[in-house]
Amino acid sequence: MSEPPLDRERARAAGQASAAEPDDDSGLPTEEVFTEEVFTDEAADEAAEEAADDTADEAADEPEDAPVDDSGAADGEGPRRRERRERAERRAAQQRATAIEEARREAKRRARGQLVEEPKRLSARNVKGLRLIIWSIVLGVVSVALALVLYFAPAISARSVVVTGVGAVTQEEVLGVAAVRLGTPLLQIDTGEVADRVAGIRRVASARVQREYPSTLRIAIVERIAIVVKDFPDGPHLYDRDGVDFATAPPPPGLPYIDVDSPGPSDPPTKAALDVMTALRPEVVAQVSRAAAPSVSSITLTLTDGRTVVWGTTDRTGEKAEKLAALLTQPGRVYDVSSPDLPTVK
């Protein structure tokens, strides 16, 4: 005896549902592999079964169709109505099977989704550091832009050059050597280079160049001061405290002469004689007419009234200068301070 059509359809739907269910032993070959952490198949299947049970319970709550009497259906139901009813039953069975399969997959997705770490949020310290970096970049850009504006802005260009400290050196000479073109932006003027050019003047000991915003360039010079003079065939040469021959001109009144073989800043006897002259008190220097230094160890001074000072070496020069100032108040012709511990007057 053959099975009724309804039973065959139900068996077919059950077979489709069981075929749609994945084998627990084989895993989920169609699902992608998670590299971080994945639930085991037993846990995923348990969650899927719970979801399937819930779906089945909901389906059970629905009113079931009244039992069908096969004999009555065969007698009172036509072929077309029976075919439509069977199609409806097949669709219902397929929908239930599909719902069960989707419930299992959804349960596994939820189970795996619990292991996915949420993206880390930036901490307050990181946000503060990021803001600091952004503000630093902004300030750097603004500073560069401002520097470029000031570098090329004609509003802060050199419209006047002021020279201070001139005496024997004229202002026109300084301006000619400085060679600063009026109208040049102040930031484009190399103050060091201008100072080096001005310091190249023989009578200038040092030069300093400063920008005075918005439109002035100031040049301050210090002239060399003659300490001693030496006669040469072309005329008297003036020497400053460093031994620099900075001018050939008549000496100021009362300027002492120096007697050395090769005067200059690198000559040891010249440096020794100048050290003695710069260590003397002003009232004593005014009495000196000549400083002789054949060597660094035999320095002598000749005063304007003919008296002689035996100085010796440059050792303890400060003490010797103090002793000489006291000895010159005593009568004598030769004052020996070569040994400051035992100065003598003859």
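Structure first, text after, so check above.
Residues numbered from 1 in each chain as written. Predicted model: local features only at pLDDT ≥ 70, side-chain atom pairs only at ≥ 80, totals over all residues. Heavy atoms only, no water.

> For this particular structure, what's the right way to read the overall build of the protein chain?
Scanning the protein chain from N- to C-terminus turns up 10 helices and 12 strands. Residues counted as buried form 28% of the 346 residues belonging to the protein chain. Accessible area for the protein chain stands at about 22400 Å²; split by element, carbon and sulfur atoms hold 54% of it. (Helix = DSSP H or I, 4+ residues; strand = E, 2+ residues; numbered from the N terminus. Buried < 20%, exposed > 50% of the residue type's maximum accessible area, 1.4 Å probe, protein only. Areas by Shrake-Rupley, 256 points an atom, 1.4 Å probe, with all protein chains shown as cover.)

> Just to check I follow, could you spell out the pairing of strand β8 (residues 288–292) for this structure?
Where a strand is regular, its side chains alternate between the two sheet faces. Here strand β7 (residues 257–259) pairs with β8 via 3 bridges, running parallel. Bridge pairing in β8 links Asp259 to Ala292. Adjacent in sequence and paired antiparallel, β8 and strand β9 (residues 299–303) are bridged by 6 residues. (Pairing = 2+ DSSP bridges.)

> When you look at the sheet that holds strand β1 (residues 160–164) in this model, what are you seeing that I'm missing?
Sheet strands line up and pair through hydrogen bonds in the backbone, either parallel or antiparallel. One open sheet holds the 3 strands; their spatial order is β1-β3-β2, and the pairing between them is mixed. Unpaired on one side and paired on the other, β1 and β2 (204–212) mark the two borders of the sheet. Within the sheet, the average angular offset between the axes of one strand and its neighbour, ignoring direction, is 20 degrees. Where β1 and strand β3 (residues 216–223) come together, 5 bridges link them in parallel fashion. By the bridge assignment, Thr164 is partnered in β3 with Ala220. Most of the contacts of helix α6 (residues 171–178) go to β1, to which it runs at about 125 degrees, and overall it touches β1 and β3. Contacts from helix α7 (residues 191–199) reach β2 and β3 within the one sheet, and its direction differs from that of β2 by about 150 degrees. (Axes fitted to C-alpha atoms, helices over the stretch in contact; angles between N-to-C directions. Contact = heavy atoms within 4.5 Å.)

> Hey, could you run me through unusual backbone geometry in this one?
Where the residue is not glycine, phi is negative for most of them; where a peptide bond is considered, it is trans in most cases. Here Tyr213 and Pro214 are connected by a cis peptide whose omega angle stands at 15 degrees. Relative to the helices and strands, Pro214 resides in the loop between β2 and β3. Phi is positive for Ala179, close to 55 degrees, though the residue is something other than glycine. For Ala179, the location among the structural elements is in the loop between α6 and α7. The phi torsion at Arg316 lies on the positive side, around 55 degrees, for a residue other than glycine. As for its position among the elements, Arg316 is in the loop between β10 (308–312) and α10 (317–327). You can call Arg316 partly exposed: its relative accessible area is 39%.

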